[in-house]
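# Breakdown of the fold
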Amino acid sequence: MLSIKKYAAIDIGSNAVRLLISNIIEQKGKPVQFKKNSLVRVPIRLGADVFIKNKISKENTARILDTMLAFKLLMKSHKVVKYKACATSAMRESDNGSKVVAAVLEHAGISIDVINGEEEAAIIAATDLNKFIDPNKIYLYVDVGGGSTEFTVIDHGKQLASRSFKIGTVRLLNDMVKKETWKELEAWIGVNAKHYDKIEVIGSGGNINKIFKISGKAIGKPLTYFYMTSYYNTLQSYSYEERITELDLNQDRADVIIPAMRIYMSAMKWSGAKNIYVPKIGLADGIIKSIYYDTVSSNTQ
């Protein structure tokens with residue numbers, strides 16, 4: 001007996017807002033399958049408001065309301081049966097975040113959970129990593145966002161340590177990450193990851209996905225630290241405009257991709273990892289899994 005139903009995850013990040021719709025495929029005697037059906041990304045840079053002025057602007061509030069209403073209609077068209085909407089550091093740190101959440105509920109009928117860094121790290125780490133990792137290896141999982149980055153150490157398939165740091169691409173663009181925060185991250189990696197003889201990094205987030213696509217590497221093959229530093233230097237040799245016109249990057253990717261690379265490369269350097277694997281998973285995937293396994297409360301359409 002085959003059963004297919006659709007779940008949706010809404011990820012309201014500091015750089016972009018995403019709607020992921022997935023098919024949940026259940027068949028007797030077989031493990032459940034999670035298959036991506038549709039992904040919509042809208043580059044509303046909430047972090048640019050919040051990390052500088054501590055509040056979401058009227059313009060971006062209006063954009064969020066329109067986007068959430070559009071997402072509501074898309075979920076209805078797709079016949080989504082359950083969904084979960086999560087907002088991360090920008091909404092969490094804004095003075096008017098609760099007002100925006102209330103306005104979205106009234107305008108679009110979508111209930112938003114504002115989650116903290118530890119919850120975010122836990123949801124991301126709950127993604128089906130076993131499909132992508134070697135159970136006999138040790139990994140440092142790095143999920144780079146606009147406002148924060150989540151780090152998880154995975155030893156032979158088990159999560160040993162997890163932490164969220166306020167180091168994100170939008171924060172770095174606006175020069176809002178203190179040296180102490182970088183030192184704190186380096187110390188955390190030193191304590192939790194550096195003592196392993198051999199460790200690999202797993203990277204998730206839109207920027208590393210883009211870098212991997214540009215590399216032309218086959219799925220499952222890693223990017224080397226040498227490739228990362230080489231491409232980082234290439235990106236820096238182009239102006240913002242040239243990255244859009246000559247390197248074919250979207251305007252909302254062309255600026256944040258450099259600070260994103262800095263975070264991934266720092267994680268590789270401080271952990272001693274020579275390779276970074278890119279399985280194309282993130283918070284939205286984790287939300288879908290957590291709805292299915294009932295680890296978070298979800299909403300029905």
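The structure under discussion appears in the preceding block.
As a starting point, this report considers the structure included with it. (Residues numbered from 1 in each chain as written. Predicted model: local features only at pLDDT ≥ 70, side-chain atom pairs only at ≥ 80, totals over all residues. Heavy atoms only, no water.)

Turning our eyes to something else, we now look at the pairing of strand β2 (residues 17–27). The buried fraction of β2 is high, at eight of eleven residues. Relative to β2, strand β1 (residues 2–12) runs antiparallel, the two being bridged by eleven bridges. Residue pairing for β2: L2 is matched across the bridge by Q27. Counting the residues in the hairpin turn of β1 and β2 gives four residues. Bridging between β2 and strand β3 (residues 33–42) involves nine bridges; their strand directions are antiparallel. Bridging from a neighbouring strand, N23 pairs with K35 of β3. As consecutive antiparallel partners, β2 and β3 are separated by five residues, and within that stretch G29 has a phi angle of approximately 85 degrees, a positive value. (Buried < 20%, exposed > 50% of the residue type's maximum accessible area, 1.4 Å probe, protein only. Helix = DSSP H or I, 4+ residues; strand = E, 2+ residues; numbered from the N terminus. Pairing = 2+ DSSP bridges.)

For the structure shown, the criterion picks out nine aromatic pairs. Residues F165 and W188 carry aromatic rings whose centres are separated by 6.2 Å and whose planes lie at 70 degrees to one another, so their mutual orientation is edge-to-face. One end of the pair, F165, is in strand β8 (residues 158–165); the other, W188, is in helix α7 (residues 179–192), with 23 residues separating them in the sequence. Residues F165 and W188 agree in their burial class; the two are buried. Judged by centre distance (6.1 Å) and plane angle (75 degrees), the ring pair of W182 and W270 falls under edge-to-face. With a gap of 88 residues between them, W182 in helix α7 and W270 in helix α11 (residues 257–271) connect regions that are remote in the sequence. Residue classification places W182 among the buried positions, given a relative accessible area of 10%. (Phe/Tyr/Trp six-rings, centres within 6.5 Å; stacked < 30°, edge-to-face > 60°.)

Empty space within the largest pocket amounts to approximately 840 Å³. Contributing to the lining of the largest pocket are 34 residues, with R18, G205, G206, N209 and R253 lying nearest its centre. For the lining of the largest pocket, the secondary-structure elements that each account for two or more residues are β2, β3, β6 (138–144), α8 (206–215) and α12 (283–292). Examining the composition of the lining of the largest pocket, we find that five residues originate from one element, α8, more than from any other. Here the residues of the lining of the largest pocket sort into seven nonpolar, 16 polar and eleven charged. The volume enclosed by the second largest pocket comes to roughly 250 Å³. (1 Å grid on protein atoms, 1.4 Å probe; cavity = no way out; pocket = protein on both sides within 12 Å on 5 of 7 lines; lining within 4 Å. Points joined across faces, edges and corners; volume = space filled by probe spheres on them. Nonpolar A, V, L, I, M, F, W, Y, C, P; charged D, E, K, R; others polar.)

This next bit is on the packing of α7 against α11. Relative orientation of the contacting elements α7 and α11 amounts to 40 degrees, with a least axis distance of 9 Å. Judged by the inter-axis angle, α7 sits oblique to α11. Where α7 crosses over α11, the handedness of that crossing is right-handed. Between α7 and α11, the residues in contact are W182, L185, E186 and I189 and R262, I263, S266, A267, W270 and S271, respectively. A per-class count over the contact of α7 with α11 returns six nonpolar, two polar and two charged. (Axes fitted to C-alpha atoms, helices over the stretch in contact; angles between N-to-C directions. Parallel < 35°, antiparallel > 145°, perpendicular 65-115°, else oblique. Left-handed = near helix turned anticlockwise from the far one by under 90°. Contact = heavy atoms within 4.5 Å.)

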